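# Results of the structural survey
One letter stands for each residue in the lines below.
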Amino acid sequence: MAAIGAGHLTAGLSSALRQELAWTSGRLSPNRSFTPLPALSTEQPHVSRSHTVKAEPEKPFEDNDDLSLKDYFEQSKNLIISDGGPPRWFSPLECAFRMENSPLLLFLPGIDGVGLGLILHYQKLGKIFDVWCLHIPVMDRTPFTELVLLVERTIKSENSRMPNRPIYVVGECFGGCLALAVAARNQDVDLVLILANPATSFRRSQLQLLTPLVEIMPDQLGLRLPFILSLMTGGPLKKAMTSLEKGLPLQQTVEELMQGLSQVMDDILPRETLLWKLELLKTASSYANSRLHAVKAQTLILSSASDQLLPSEDEGERLRRTLPKCEIRRFNDSGHFLFLDDAVDLVTTIKGASFYRRGKSVDYALDYIPPTPDELKRAFEPHRWIDVATAPVILSTMEDGKIVKGLSGVPSEGPVILVGYHMLLGVELIPLSSSFVFEKNIILRGMAHPMLFEKLREGKMPDVSAFDTMRVMGAVPVSATNFYRLLLSKSHILLYPGGVREALHRKGEEYKLFWPEQSEFVRMAARFGAKIVPFGVVGEDDIFELLLDYDDFVKIPYLKAQIEELTNEVVQLRADIGGEVANQAVYFPGVLPKLPGRFYFLFGKPIETEGNELELRDREKARELYYHVKSEVENCISYLKEKRQSDPYRNLLQRLIYHAQQGFTSEVPTFEL
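These remarks concern the structure in this document. (Residues numbered from 1 in each chain as written. Predicted model: local features only at pLDDT ≥ 70, side-chain atom pairs only at ≥ 80, totals over all residues. Heavy atoms only, no water.)

## Details of the packing of aromatic side chains
A complete count under the given rule lists 20 aromatic pairs for this structure. Seen from their ring centres, Phe-107 and Phe-339 are 6.4 Å apart, and the 70° between their planes marks the pair as edge-to-face. Linking Phe-107 in strand 3 (residues 104-108) with Phe-339 in the loop between strand 8 (326-331) and helix 12 (346-352), this pair joins segments that are 232 residues apart in sequence. For Phe-339, a relative accessible area of 0% puts it in the buried group. (Phe/Tyr/Trp six-rings, centres within 6.5 Å; stacked < 30°, edge-to-face > 60°. Helix = DSSP H or I, 4+ residues; strand = E, 2+ residues; numbered from the N terminus. Buried < 20%, exposed > 50% of the residue type's maximum accessible area, 1.4 Å probe, protein only.)

## Overview of the pattern of salt bridges
Here the idea is simple: oppositely charged side chains can pair when their charged atoms come close. Here the structure, examined in full by the defined rule, presents 28 salt bridges. Here Glu-327 makes a salt bridge to Arg-329, at a shortest N to O gap of 3.1 Å. Overall, the relative accessible area of 23% leaves Glu-327 in the partly exposed class. By relative accessible area, which is 5% here, Arg-329 ends up buried. Glu-375 is the partner of Lys-351 in a salt bridge, and the nearest nitrogen-oxygen pair spans 2.8 Å. (Salt bridge = Lys/Arg side-chain N within 4 Å of Asp/Glu carboxyl O.)

## Considering the state of the cysteines
Scanning all chains against the criterion turns up 0 disulfides. Free cysteine Cys-177: the closest other cysteine sulfur is in Cys-173, separated by 7.2 Å. Using a relative accessible area of 0% as the deciding quantity, one classes Cys-177 as buried. (Disulfide = S-S within 2.5 Å.)

## Description of a negative patch on the surface
On the surface, Glu-399, Asp-400, Glu-608 and Glu-610 cluster together to form a negatively charged patch. Along the chain, the position of Glu-610 falls in the loop between strand 18 (600-603) and helix 22 (613-616). Given a relative accessible area of 59%, Glu-610 falls into the exposed group. (Patch = residues over 30% accessible without salt bridge, like charges linked within 9 Å, V, L, I, M, F, W, Y side chains within 5 Å. Areas by Shrake-Rupley, 256 points an atom, 1.4 Å probe, with all protein chains shown as cover. Lys, Arg positive; Asp, Glu negative; His and termini not counted. Charge placed at Lys NZ, Arg CZ, Asp CG, Glu CD.)

## Comments concerning the environment of Phe-514
Structurally, Phe-514 can be placed in the loop between helix 18 (499-503) and helix 19 (522-527). Since its relative accessible area comes to 7%, Phe-514 is described here as buried. Expressed as a C-alpha distance, the spacing of Phe-514 and Arg-501, which sit 13 residues apart in the sequence, is 6.9 Å.

This is how it looks when you write it as C-alpha cells:
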C-alpha cells in the first residue's frame, strides 16, 4: 500500500522548484476580470471560446493570488452599472487559457445573482475548466422554472457538442437548488454537481423569517446585517485578524470591508429585489427537494459549519444520505459565502475528492493535475517535525554501482517503478515523497490501497475525506488498469508488493518482506521498457516499539470483532491468493514512541527492462527477475542495517549537539560510504 501526501517542507521553495512548477498565468488583462457578453439570448446562450493550450501534465501549476474580496466588491459594482436584460452567461478573462479537452464548468450564483462568486478561484479554475458564470440582473424577475429551462438548454446544447465530456455545475445557495433541479430533469447527461451550502434547507433556516421583516423595514436595510455576519464568519474575519497580528490598523481593515459590503448590498439587494429573491429561494428549495429522488449525478457537497444563514452542516449530511453518488467535504471555520473565503481552495477540493475528470470516468494518469507550490506546502508543512526528528539519510546507486548521497542514481525520465519495503504504518512515505519533490521535482504516483478512495459501508473507518491530501499528492487506487495508465504516461510509480500486510506487520517481523509469489509487475514493466529501482529503508525500530500487534488483539473477543468490522468496510485485495500476504486485516497497532533515531534510504542500481519484452513474456524469466528485484530490496535493507551502526549521529541527542554547534540549517553527516 502506498499513501503519498505527507512529509517535510523546507523553509521555502527553491527558485529552481518554483521555476519548474510555473505554468501559464492565463491573465489577459490587468484591469478587467470578466467579459459580460452583450445581447445574449436566453433561448440559445453562446459564449465565445477561449483559447486552449496543451498543458504539460507533469508540471504542477503555479499559485496566483492576484484577486481578493475587494475585487468582488468592485467588479460587482461595475457589472451592475450597465445591468439590464435577461439572465445570461459570461466567461471571466482569467479563465482564457486552459488545458486541452477541459470540461465545461457552469457556475450558478447564490441569492445575490451577480455571478462573481468564484472570483477568488478564477486563476486556478480557468486552467482546467471552460468556465461560464450565470448573471441574473438585479431587476430581473425570471421565474425559477424558466431559469431551470435556461440552464437546461445550455447543458443540452453543450452535451450534444461534446457528448463524451462531463459538464460541471457549481451551485452556491440558490444555485445549488437550481443545479439539483436541472440534474433531476437530465439524468442522461453526464453531470458533476458541486454544491456549496445549497438552499434546500430554506424551510429550516432563518431566511424564512426575513420576508415579513423586510416588508416593514426601511429601504436598503434588508439582508445586510445577516449577510455581513455570515460573511465575516469566514475569510474576511480571518483577514482582519491577520491584519491585527501584522500590526496593521484593524479599524481600517474592518471599515474597508464594511464599506464595500454596504455599497454592494445597496445595489444588489434593494428591498423589492430582496423580497423577490426570498420568494424565488422558497420556490427553488421546494422544487429541488421534491425531485431529489430523480438526481443521479455525481455530487460533491461543500458544507460550512459556521453558516449563519442556513443549517448547512446538517443539510449536507441529509443530502449525502439521500443522493446515490454523493460525497461531502466540511469546512468548520467558514461562513455561508464559502467561495469568498480565501482559506478555501475549490480546485484543491475537487482534486482531493478525485472529482476531476475529462471523460466518462476518472483517468488517474491523464486527469491528474500536479500540486501547486501552495498545495505542496499544505501537504508537507504539518509533518515537517518527522523530517526534523529523523534526519533522513538518502542514498542511491549509480550505473557503475557506486553509492552516492542523494537521488542522482534514480532516473529522472520515466517510466520508473520504485519497488521497496513498507515500514510499519508507512512512516517512510513522509521523507520519501518530499525528497523526490524538492531534489528532483518529481511527484511520486503511489499505488495505494482502495480504502483511501472508497468505503463499502459506513462504520468506524475514517471518512475518505481524511485522505484528500494523499490524492492531491498523486496516490492512485492499486489496479492493473491504473498501473498500465501510469506506465503509459511515463510516471514515477511507487509500489509496495507487501501492501497492508507489510505495513501492519507483527512483532519480530520488522524488515521482513511479505511479497506474493506471482511476479505481478515485471511483465507489465517490460512492455513499456520501464526501469525498476529496488529500494530499502530502515529506522522504524529506532522511533517506536511495537507493543501490541494483530496476534495480541485477536485474543480479545471484543477487539477481534472490531478488527473484522473495520476490515469488512474496505475493499479486499488479494482475496484470491493464499499465504500470509493475503491477510489484509485493517487495524492500528499499539506502539510506544522512542527517542527518535534516524531513517536511512538506499535506492539500488536501476534494472533495465527495455528490449526484454519478448524474453519476459516467459513466466519463468519474469519470475527470475521478480525474485532478483526482491533480493535487491533485501540487500539494500541489510546494507543500511549494517552501515547505520557506524553513524555517529544516529541518536537524536548527537544530532542536536551538532546543530547547536553548526547551525540548525546545516546537514547532519552520516557514515562513510
